[in-house]
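Next come the chains, spelled out residue by residue.
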Amino acid sequence: MCGIIGYIGHKPATPFLVEGLTRLEYRGYDSSGIAVRNGDLEIHKCAGKITDLVSILPKKIEGTSGIAHTRWATHGPPSDVNAHPHCSVDGKIALVHNGIIENARVLRNRLEKEGVKLQSDTDSEALVHLIHREISNGSKPLTAVRRTLKRARGTWGLCVIFEDHDTIICARNGSPLVIGVGDGENWIASDTLPLQARTQQVIRLEDGVLAEVTSEGVKTSRFDGRYSDSNVTTLDEDWGEAELGDYPHFMLKEIYDQPEALRQCLTGRLDLKDGNARLGGLGLTPKQLQKIPHVRLLGCGTALLASQVGRLVIEQLARVPALAHVSSEFRHNDPVIENNALHFAVSQSGETADTLAAIKEIQLKGGEVRGVINVVGSTIARQCGKGCYIHSGPEQAVASTKAFTNMVAALTLFAIQIGRARSLSRTRGKQLVKALKKLPQLVESYLDNPGSIMDAVDALKDAKSVLFLGRGISAPVAREGALKLMEIAYIPCLAYPAGEMKHGPIALLEEGSPVVVVAPNDSLKDKTISSIHECRARGAKIILIHEEGDSIAEEADIAISVPSTDPILSPILTVLPLQLIAYHTALILDRDVDRPRNLAKSVTVE
Ligand code: F6R
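Rules behind the numbers
- Counting from 1, residues in each chain are numbered in the order their sequence is written.
- Residues qualify for local features only when their pLDDT is at least 70, as the model is predicted, and side-chain atom pairs are given and counted only at 80 or more; totals for whole chains, interfaces and linings, by contrast, use all residues.
- With hydrogens and water set aside, each side-chain value is computed from the structure's full complement of heavy atoms.
- Summary of the burial criterion: residues with accessible area below 20% of their type's maximum are buried, those above 50% are exposed, and those between are partly exposed, where the area comes from a 1.4 Å probe applied to protein chains only.
- Numbered from the N terminus, helices here are DSSP runs of H or I no shorter than four residues, and strands are runs of E no shorter than two.
- Strand pairing is assigned whenever DSSP identifies at least 2 bridges connecting the two strands.
- Handedness of a crossover is defined as follows: orient the strands so they point away from the viewer, and if the path from the first strand over the helix to the second runs clockwise, the crossover is right-handed.
- These domain boundaries are the output of an automatic or database domain assignment.
- The contact rule is simple, with two residues in contact once any of their heavy atoms fall within 4.5 Å.
- Defined in terms of a 1.4 Å probe, buried area is the accessible area two parts forfeit on being brought together, summed over both.
- We count a salt bridge whenever a side-chain nitrogen from Lys or Arg sits within 4 Å of a carboxyl oxygen from Asp or Glu.
- Angles here are taken between N-to-C directions and fall from 0 to 180 degrees, while the axes themselves are lines fitted to C-alpha atoms, restricted in helices to the stretch in contact.
- For Phe, Tyr and Trp, rings pair up if their centres lie within 6.5 Å, where Trp contributes its six-membered ring, and each pair is then called stacked (planes under 30 degrees apart), edge-to-face (over 60) or tilted (otherwise).
- The near set for a molecule or strand comprises every residue that places at least one heavy atom within 4 Å of it.
- As used in this structure description, the phrase polar contact means that two N or O atoms lie within 3.5 Å; if the pair is within protein, one of them must be able to donate a hydrogen and the other to accept it, and residues adjacent in sequence are counted only when both atoms belong to side chains.
- Residue-level accessible areas treat just the shown protein chains as cover; the underlying method is Shrake-Rupley with a 1.4 Å probe.
- Polar here means any residue other than Ala, Val, Leu, Ile, Met, Phe, Trp, Tyr, Cys and Pro, which are nonpolar, and Asp, Glu, Lys and Arg, which are charged; Gly is therefore polar.
- In these notes, a set of buried Ala, Val, Leu, Ile, Met, Phe, Trp, Tyr and Cys residues joined through side-chain atoms within 4.5 Å is what counts as a nonpolar core.
- Angle categories are assigned with fixed cut-offs, so that under 35 degrees is roughly parallel, over 145 is roughly antiparallel, 65 to 115 is roughly perpendicular, and the rest are oblique.
- Crossings are sorted by hand: turned counterclockwise from the far helix by less than a right angle, the near helix makes the crossing left-handed, and turned clockwise it makes it right-handed.

## Some details on the pairing of strand 25 (residues 541-547)
Point 1. By the criterion of burial, strand 25 is predominantly enclosed, with six of the seven residues buried.
Point 2. Here strand 24 (residues 514-519) pairs with strand 25 via six bridges, running parallel. Bridge assignment links Pro514 to a residue of strand 25, and that residue is Lys541.
Point 3. Regarding topology, helix 17 (residues 525-536) serves as the crossover connection from strand 24 to the parallel strand 25, and that connection is right-handed.
Point 4. Note: strand 25 against strand 26 (residues 558-562), five bridges, orientation parallel. Residue Leu544 lies in a different strand from strand 26, and its bridge partner there is Ala559.

## Digging into the domain arrangement of the protein
Point 1. Considered domain by domain, the protein is made up of domain 1 (3-235), domain 2 (240-448) and domain 3 (449-606).
Point 2. Averaged C-alpha coordinates put domain 1 and domain 2 at centres separated by 34 Å.
Point 3. Each side of the interface is counted separately: domain 1 has 12 residues, and domain 2 has 14 residues.
Point 4. Surface buried jointly by domain 1 and domain 2 totals about 1,100 Å² across both partners, of which 39% is contributed by carbon and sulfur atoms.
Point 5. Across the contact surface, domain 1 and domain 2 share two salt bridges.
Point 6. The shortest N-O distance in the salt bridge between Arg382 and Glu206 comes to 3.4 Å.

## Let's talk about the sheet that holds strand 13 (residues 218-222)
Within a beta sheet, neighbouring strands are joined by backbone hydrogen bonds and run either parallel or antiparallel to one another.
Point 1. Strand order in the open sheet formed by six strands is 5-6-7-8-12-13, and the pairing between neighbours is antiparallel. Single-partner strands in this sheet number two, and they are strand 5 (86-87) and strand 13.
Point 2. The sheet strands contacting helix 4 (residues 125-136) are strand 5, strand 6 (93-98) and strand 7 (156-162), and the helix crosses strand 6 at an angle near 140 degrees.

## Considerations on the pattern of salt bridges
Oppositely charged side chains can pair when the atoms bearing their charge come close.
Point 1. Counted by the stated rule, this structure contains 34 salt bridges.
Point 2. Across the salt bridge formed by Lys365 and Glu361, the nearest N and O atoms sit 2.7 Å from each other.
Point 3. Of the residues examined, Glu361 reaches a relative accessible area of 13% and is grouped as buried.
Point 4. Counted as one network, the salt bridges with shared partners bring together Asp271, Asp274, Arg278, Arg420 and Arg426.

## Focus on the environment of Ile50
Point 1. Here Ile50 is to be found in helix 2 (residues 50-56).
Point 2. A relative accessible area of 4% places Ile50 in the buried class.
Point 3. Ile50 sits 17 residues away from Gly33 along the chain, and the two C-alpha atoms are 8.3 Å apart.

## Examining the packing of aromatic side chains
Point 1. Enumeration according to the criterion identifies five aromatic pairs in this entry.
Point 2. Ring centres of Tyr7 and Trp187 lie 6.2 Å apart, and the angle between their planes is 50 degrees; on these two criteria the pair is classed as tilted. Here Tyr7 is found in strand 1 (residues 3-8), whereas its partner Trp187 is found in strand 10 (residues 186-189), with 180 residues between them in sequence. As far as burial versus exposure is concerned, Tyr7 and Trp187 are alike and both buried.

## Description of the sheet that holds strand 11 (residues 201-204)
Point 1. Overall, antiparallel pairing links the eight strands, which are arranged 3-2-4-1-10-9-11-14 in an open sheet. Only two strands of the sheet have a single neighbouring strand rather than two, namely strand 3 (40-47) and strand 14 (232-234). Adjacent strand axes in the sheet meet at a mean angle of 20 degrees, parallel and antiparallel pairs treated alike.
Point 2. Pairing between strand 1 and strand 10: four bridges, direction antiparallel. Residue pairing in the sheet places Tyr7 in a bridge with Trp187 of strand 10.
Point 3. Relative to the sheet, helix 1 (residues 14-24) contacts strand 1, strand 2 (31-38), strand 4 (65-71) and strand 10, its axis offset from that of strand 1 by approximately 160 degrees.

## Comments concerning the site of the ligand
Point 1. Around the ligand, a shell composed of 16 residues is seen, among which Ser347, Gln348, Ser349, Thr352 and Glu487 lie nearest.
Point 2. Separating an oxygen atom of the ligand from a backbone N or O atom of Gln348 is a distance of 2.6 Å.
Point 3. One of the backbone nitrogen or oxygen atoms of Val398 is found 3.0 Å away from an oxygen atom of the ligand.
Point 4. Considering the ligand on its own, with 400 Å² of exposed area, one finds that the protein chains cover 90% of that surface.
Point 5. When residues of the shell around the ligand are traced back to their parent elements, those giving at least two are helix 9 (301-318) and helix 16 (474-489).
Point 6. By residue class, the composition of the shell around the ligand is seven nonpolar, seven polar and two charged.

## So, the nonpolar core
Point 1. Counting residues in hydrophobic clusters, the biggest one holds 94 residues, and the most contacted among them are Val295, Phe344, Phe414, Val466, Phe468 and Leu485.
Point 2. When residues in this core are grouped by element, the largest group, 13 residues, is from helix 13 (residues 402-421).
Point 3. Residues lining this core come from more than one domain, with at least three contributed by each of domain 2 (240-448) and domain 3 (449-606).
Point 4. With residues up to four places along the chain from it excluded, the contact list for Val466 reads Leu460, Leu485, Ile491, Pro492, Cys493, Leu494, Pro514 and Val516.
Point 5. Core analysis: the second largest hydrophobic core is formed by 25 residues, Val128, Ile131, Val160 and Ala171 among them.

## Side note on the packing of helix 15 (residues 453-460) against helix 18 (residues 571-588)
Point 1. Following both chains from N to C, one finds helix 15 and helix 18 inclined at 55 degrees, their axes separated by 9 Å at the closest point. Accordingly, the angle class assigned to the pair helix 15 and helix 18 is oblique. The chirality of how helix 15 crosses helix 18 is right-handed. Contacts between helix 15 and helix 18 involve Ile453, Met454, Ala456, Val457 and Leu460 from the first element and Pro577, Leu580, Ile581, His584, Thr585 and Ile588 from the second.
Point 2. A class-by-class count of the residues in the contact of helix 15 with helix 18 yields nine nonpolar, two polar and no charged.

Structure follows, in C-alpha cells:
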C-alpha cells in the first residue's frame, strides 16, 4: 500500500529509483513520482502506472540522491497533484509517505489559516509544510522531521529530501521501511525486493524510529530523541529478483510456481516414519500442544480463506476447536483472549495492517501469536517472533495464488503435528504424510493438463454474476474462487456453502446462470449433488470441479477434473482450476491481470 524508494550515494539516483518503483508497483499503482537532488530538487510525478511516469521523465536526470513513491490512494483521488512527492512552498523540501495521518484535517486547516496554499487533497502534504516551517525556524533536518511527527497522529513510513542538506531523513511508525547499507551509498525501500540486487546488509527500521541517511552511513534515533541501535542484519532469504521469464503475467507464473513452492514448504518438515510433521519455528512441545484449549487463526482476503481451510483441517485432525477470524474485525470486537490458546496470524506479505492490529490486540491482552508468513523478516513475522514461513517465494501478482496453497499446506502440517500430540493415530499420520509428499507432483500433473478451462471462461465472461458453491472444506475454496474472479475480472461473485444456497441465493438463479461447484470426492459429495440438482432445476449452468474418474462429472455442463488425493488435502488441488479460470477470464476481458484496479498487494493501512 504505497511503495517508497530512496537512494543516496555516488551514482545517478534515477535509474535505481525507477527500477525500485517497478519492483514495488504491486504496493500501489495509481500514481507515482520522484524527487532528485540535482542542484535544485527536481520533481516529476503523474497519475497512472510507473510506465506513465517514465514517459514524462527527461532522458537524463543528474543527481546522486533522490526519493520516489508509488501510490495507492487513501486521501484524494489518483491525480497528478495528489501523487507524491509533496513539496514545500519554496520547492526545497520533498516528502514521500506511506500510511495515514489521522489528524491531517486539523493540520491542514491550521496551515491554511496561516496562509499556506495546499496543492493536494492528501493527508501527507501537511507534513512537508510543517517540516519546512521547522527548517525555516533554524532546525536541522532530523529535528525538523522529529518535531513535525510529534504533531502527527497515525501511521507512516516516510522519507524527506532537502535541497540544502545532503541527507535523507526516514521515519517509521506502522508502515515498513528498510535501509540497504552499502559502501559509500545507501538505499531505502518499503521492502527488501528492490534491495536484494544491491546489498544483503539491511536495517529494518522499528516503529518509533527515525534515520538520518547519508552516503557515508545511517544514524538512527527514537522519536523522543533517545539513541536507537541501528541493527544491521543480513538478508536471510534471497529470493533473487522475481522475473517473468516466458510467462505473460506474474499471476500465471505464480500459478505454475506452485509445485515447486509446495516442495519448498514441505521440505524437511515431514516425518514418514512417525507419521508426523514438524514446524520447529513454532517452539511448541508435544506437551504444550496437548494443553491448547483452542486455536484461532487471523487473516484477510486469501489468507483468511486459507485460514478457514486450515481451521477445518486442524479441528478434524487434532479434535481441538479452531476458528478463523477476519483480522479487520477482530480487535474492534473486544475479543476474549485465553492465556493458553494458540493464535496464528496468516499473511503472505507479513505487512497487512489489519492483521498486525489484531496481533497487537492479542499481545496486549497477554496472548501469544505465531506467524504463518511468506515474507521473511516482515513486520508481522518480527512482531510474532515465532512461527513458520510458508516458503512460496516472491508473489508479485496482486491476486494471491501460490501463497494460498502454501498457507493451506503449512496449516495442514501444523494440524498433523498437533494431531499427533493428541489423538491422531500414527497410521493416519503416515497416510497424510505420504499424501502430502505426492502433492507437488499432482499439482504439476494437473497444471500440465488443466482441462476445459476455456469452456468455463466462455460460460463466465459475460455473466452478470456468478455463484460459487462448496461444502465443508470446499466452502472456503469456493470463496477463494469467487474472490479471484471478482478481483481480477471484475465480475460480481457470490460464494456460499452449498447447503445455504436454498436459504436465499437460489433466488438469483435463472436460465443460464453460471454456478461453479467445488465437489471433491469426500463424504459431503452426495449432499453437493443435491445442491447441483436444485441449481439445474432452475436452469443454471454447472461448472464443476471434481476428482478425476468420479461419475459426478455427469451432473455438470462443464466438468474439470483434478487428480485424486486424500479428501482433507483436496483444497490444494481444487483451487487450481479456479485460479486458472479467473486468470483466463480476466485476460479475455482485457483486464490488467497483475494490477487490478483499486487494489494493492500489500495493504498497510487499516
Ligand atoms: C487476494 C489477495 C488479498 C490478500 C490480503 C491479505 O488475492 O491477494 O485478499 O490475500 O490482502 O494479504 P496478506 O496475505 O499479505 O496479509
